[in-house]
Amino acid sequence: MGVYVNSGIEQLRVSKKNKFYVDKSMLISILNEKKESDGRFICVSRPRRFGKTMAANMIAAYYSKDCDSHEIFSDLKISKDPSFEENINKYTVIKLDINGVATKKGNMTIVQYCNKLVVPELIEAYPDLGLSEDDSIPELLISINKATEDKFVFIIDEYDLPIRDVKYLKELEDYIDFLVALFKSDDTNNSIALAYLTGIMPIIRDKVQSKLNNFTEYTMINAAEMAPFMGFTEDEVKGLALRVGMDFEDLKCWYDGYNLHGLEIYSPKSVITAVTNKDCDDYWSYTGIFTSLRDLILKDYAGTRRDVIQMISGGRVSIDPMKYNNSMTDIRSRDDVFTCLVHLGYLGFDKTRKECFIPNYEIKREWIRSIEDMPQYEESSEIVKNSDFLINAIWEGDEEAVAEGVKRAHMDISSNLTYNRENEFRCAVRYALCTADKYYTVVNEFPAGKGFADIVFIPHENNVPLIVVELKRDTKIEKALEQIKDREYPESLRQYRGNTILLGLSYSTDTKEHFCKIERLDY
């Protein structure tokens, strides 16, 4: 066994010692179906903290020759799969972490350092073949395959580092040629049983994809059958919540929202940290990508500011992800900005409706932080900071404060052309109360009683009141509360919580004055 060739089971063993290790081993079943077929070239992209490296280590431990992995996999799901015994420890595995290579390479290029690391270990693994240290990795794979008919599993973690980082621009062409020589050459084709590339971004279209078009890509835009392995599923999070006695709904509010291929997917690192600490909090900002979010928003392409406010308000924004060429260094449009942020995990994506949105409360807090010091968001930042104050004002029945807060939000998000649109007023209310997610699940057009309540704030905790909101325009504010009662919204919502706040909001299209009426019902 080596460090880069047939690295063995030790890294998987370390991962399994985690108290809250989640079994993702059925990923191997999918790979077993694809190996040695046309589908054997795979690129999986997902945000940081979503378990890319752990998956790479597991795959290496399973396929690696020169070790016996049966025991380490014996309690994992894959051990019961029909393909398990047929493929375990059957291949020479080469695993590279390009981030680690770039950190240690010194004055060498990434390709030179990869050869320096792997070539001696390949020679050591095949001592009787008379292999030369002057040969490159692709040349050795060809020689070994011809002599032994052995096939290789190639795993490259952080494969996209040289592609997305301008620091490596001078050696990018050399790196792409290296990938092509490994995975697209007729000479090496016979020697590759499986190629598994993983990184943050999909393959860049205009520079790399045409040269690596034999790879099937699984992304945060199109996860396909890889979806259950690109984060934690809802059932997995429920299991962790049960183990530590946490409320699953709290974890759902904080970390859910990445809908991939019909599955609700959660951020693994955040969930594990939350159940370890038994406390839901913002664990996202410690990744170091925060500055990239700010830089992209500052460019304000084609009304990006308006879109950001809409998403912070709970809305969605239409995008065309196919316009994006998957480069973090060549962003030219609004679609590029938001598609990039989907891949980075700062936005969720609805593939059916082609809409992006802020997936959960943890990420919303990052968005809120991102606008606090931006000059073009100065007014917005003040409104966001006052959101908690307004929520308390509703609880305390301070009608004047609530009316003023909603008025300011309405003015901030609207132009003269959009001010009186029906959805604009709802958006303003959601924006003025944008931090309500930590207390509530907020639903627009909630079916209740004899109709649909404009907005319902359904509390996470018993000690927080349900809020039913009715919105009016050019109508006496009392009519809003009358409608809530006449249509029996509160009665149909009693199953959620014991005490209820009726919140009526109205404004004048002439004077733009806003009005509020609050009534508390105690059952």
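Here is what the cut-offs are and how they apply
- Residues numbered from 1 in each chain as written.
- Predicted model: local features only at pLDDT ≥ 70, side-chain atom pairs only at ≥ 80, totals over all residues.
- Heavy atoms only, no water.
- Phe/Tyr/Trp six-rings, centres within 6.5 Å; stacked < 30°, edge-to-face > 60°.
- Helix = DSSP H or I, 4+ residues; strand = E, 2+ residues; numbered from the N terminus.
- Buried < 20%, exposed > 50% of the residue type's maximum accessible area, 1.4 Å probe, protein only.
- Core = buried A, V, L, I, M, F, W, Y, C linked by side-chain atoms within 4.5 Å.
- Contact = heavy atoms within 4.5 Å.
- Pairing = 2+ DSSP bridges.
- Arc of directions from axis to C-beta.
- Axes fitted to C-alpha atoms, helices over the stretch in contact; angles between N-to-C directions.
- Parallel < 35°, antiparallel > 145°, perpendicular 65-115°, else oblique.
- Left-handed = near helix turned anticlockwise from the far one by under 90°.
- Nonpolar A, V, L, I, M, F, W, Y, C, P; charged D, E, K, R; others polar.
- Polar contact = N/O pair within 3.5 Å; in protein donor to acceptor, adjacent residues only side chain to side chain.
- Salt bridge = Lys/Arg side-chain N within 4 Å of Asp/Glu carboxyl O.

Student: Can you help me understand the packing of aromatic side chains in this one?
Tutor: The relation between two aromatic rings is expressed through the spacing of the ring centres and the mutual angle of the planes. This structure, assessed with the given rule, holds 19 aromatic pairs. Between Phe50 and Tyr258, the aromatic rings sit 5.4 Å apart at their centres with planes inclined by 90°, giving edge-to-face as the arrangement. One end of the pair, Phe50, is in the loop between strand S1 (41-45) and helix H3 (52-63); the other, Tyr258, is in strand S7 (residues 258-260), with 208 residues separating them in the sequence. Accessibility classification places Phe50 together with Tyr258 in one group, the buried group. A ring pair is formed by Trp254 and Tyr361, whose centres lie 4.8 Å apart and whose planes are at 85°; its orientation type is edge-to-face. Remark: Tyr361 occurs in helix H19 (residues 361-371) and Trp254 occurs in helix H14 (residues 248-255); sequence separation between them is 107 residues.

Student: It is not clear to me how the nonpolar core should be interpreted in this structure. Could you clarify?
Tutor: The tendency in soluble globular proteins is for nonpolar side chains to be buried side by side. Core analysis: the largest hydrophobic core is formed by 109 residues, its most contacted members being Tyr63, Phe73, Phe338, Trp367 and Leu505. When residues no more than four places from it in sequence are discounted, the contact partners of Leu505 are Val402, Val406, Phe425, Val429, Val469, Glu470, Leu471, Lys472, Ile477, Ala480, Phe515 and Cys516. Within the second largest apolar cluster, 45 residues are counted, among which are Tyr4, Phe178, Leu179 and Phe215.

Student: What is the right way to read the sheet that holds strand S11 (residues 355-357) from this model?
Tutor: Through backbone hydrogen bonds, the strands of a sheet pair up, either in parallel or in antiparallel fashion. Reading across from one edge, S9-S11-S10 is the order of the 3 strands in this open sheet, with antiparallel pairing throughout. What marks the edges here is a single partner per strand, and that holds for strand S9 (317-318) and strand S10 (348-350). In terms of strand pairing, S10 meets S11 through 3 bridges, oriented antiparallel. Bridge pairing in S11 links Gly348 to Phe357.

Student: Got a minute to help me understand helix H20 (residues 378-385) in this structure?
Tutor: For an α-helix the count is 3.6 residues per turn, leaving residues at separations of three or four pointing the same way. For H20, every residue scored as buried is listed here: Ser380, Ser381, Ile383 and Val384. Along H20, the residues classed as buried sweep out an arc of 160° about the axis, all on the same side.

Student: When you look at the pairing of strand S14 (residues 466-473) in this model, what are you seeing that I'm missing?
Tutor: The two faces of the sheet receive side chains in turn, since in a regular strand these alternate between them. Most of S14 is tucked away: 7 of the 8 residues are buried. Here 3 bridges tie strand S13 (residues 451-459) to S14, and the two strands are oriented antiparallel to one another. By the bridge assignment, Val456 is partnered in S14 with Val468. Counting the residues that bridge the hairpin from S13 to S14 gives 6 residues. Where S14 meets strand S15 (residues 499-507), 8 bridges bridge the pair, whose relative direction is parallel. Residue pairing in the sheet places Ile467 in a bridge with Ile501 of S15.

Student: Honestly, the packing of helix H13 (residues 234-244) against H14 in this entry has me stumped. Any pointers?
Tutor: The description of two helices packed together rests on the angle between their axes and the distance between the axes. It is at 9 Å that the axes of H13 and H14 come closest, and there the two elements cross at 130°. By the angle between their axes, H13 is oblique relative to H14. Crossing geometry of H13 relative to H14 is assigned as right-handed. Facing H13, whose interface residues are Glu234, Val237, Lys238 and Ala241, H14 presents Phe248, Leu251 and Lys252. Across the contact of H13 with H14, the residue classes break down as 4 nonpolar, no polar and 3 charged.

Student: I keep staring at the side chain of Asp454 and nothing clicks. Help me out?
Tutor: Position of Asp454 among the secondary structure elements: in strand S13. In this structure Asp454 comes out as buried when scored by relative accessible area, which is 8%. Among the polar contacts listed, one links the side chain of Asp454 to the backbone nitrogen of Leu471, at a separation of 2.7 Å. Not counting the four nearest positions on each side in its chain, Asp454 is found in contact with Arg426, Val443, Asn444, Glu445, Val469, Glu470 and Leu471.

Student: How should the sheet that holds strand S6 (residues 232-233) be read in this particular structure?
Tutor: Judged by pairing direction, the sheet is antiparallel, and its 3 strands sit side by side in the order S6-S8-S7 without closing on themselves. Each having just a single partner strand, S6 and S7 make up the two edges of the open sheet. Alignment of S6 against strand S8 (residues 263-266), held across 2 bridges, turns out to be antiparallel. Each bridged residue has a counterpart across the sheet, and for Thr233 the counterpart in S8 is Ile265.

Student: Would you explain the environment of Asn259 in this entry?
Tutor: By secondary structure assignment, the location of Asn259 is in strand S7. What makes Asn259 partly exposed here is its relative accessible area of 31%. Each C-alpha atom of the pair Asn259 and Gly348 lies 7.0 Å from the other, and the pair is 89 residues apart in sequence. Setting aside anything within four residues of it in sequence, one finds Asn259 in contact with Glu264 and Phe349. Separated by 3.4 Å, the side chain of Asn259 and the backbone nitrogen of Gly262 make a polar contact.

Student: Can you help me understand the pairing of strand S3 (residues 152-157) in this one?
Tutor: Within S3, 6 of the 6 residues are buried, which leaves it mostly tucked inside the rest of the structure. Of the two faces of S3, the one holding Phe152, Phe154 and Ile156 and the one holding Val153, Ile155 and Asp157 are both buried throughout. Alignment of strand S2 (residues 92-97) against S3, held across 6 bridges, turns out to be parallel. Opposite Lys95, over in S3, you have Ile155 as the bridge partner. Two strands pair when backbone bridges link them, and S3 and strand S4 (residues 192-199) are joined in this way by 6 bridges, in the parallel orientation. Bridge pairing in S4 places Phe154 opposite Ala195.

Student: Mind showing me how you'd approach the pattern of salt bridges here?
Tutor: A side chain with one charge can pair with a side chain of the opposite charge if their charged atoms come near. Overall, the coordinates contain 28 salt bridges when judged by the stated rule. Among the ionic pairs, Arg334 bridges to Asp307, the shortest N-O distance being 2.6 Å. On the criterion of sequence distance, the pair formed by Arg334 in helix H18 (residues 334-344) and Asp307 in helix H17 (residues 304-312) is long-range, its members being 27 residues apart. Here Arg334 matches Asp307 in class, with each residue buried. Here Lys323 and Asp335 are joined by a salt bridge, their closest N and O atoms 3.6 Å apart. Of this pair, Lys323 sits in the loop between S9 and H18 while Asp335 sits in helix H18, and the two are 12 residues apart along the sequence. Given the relative accessible area of 54%, Lys323 is considered exposed. Classification of Asp335 by relative accessible area gives buried; the value is 10%. The structure contains a network of salt bridges with shared partners spanning Asp307, Lys323, Arg334 and Asp335.

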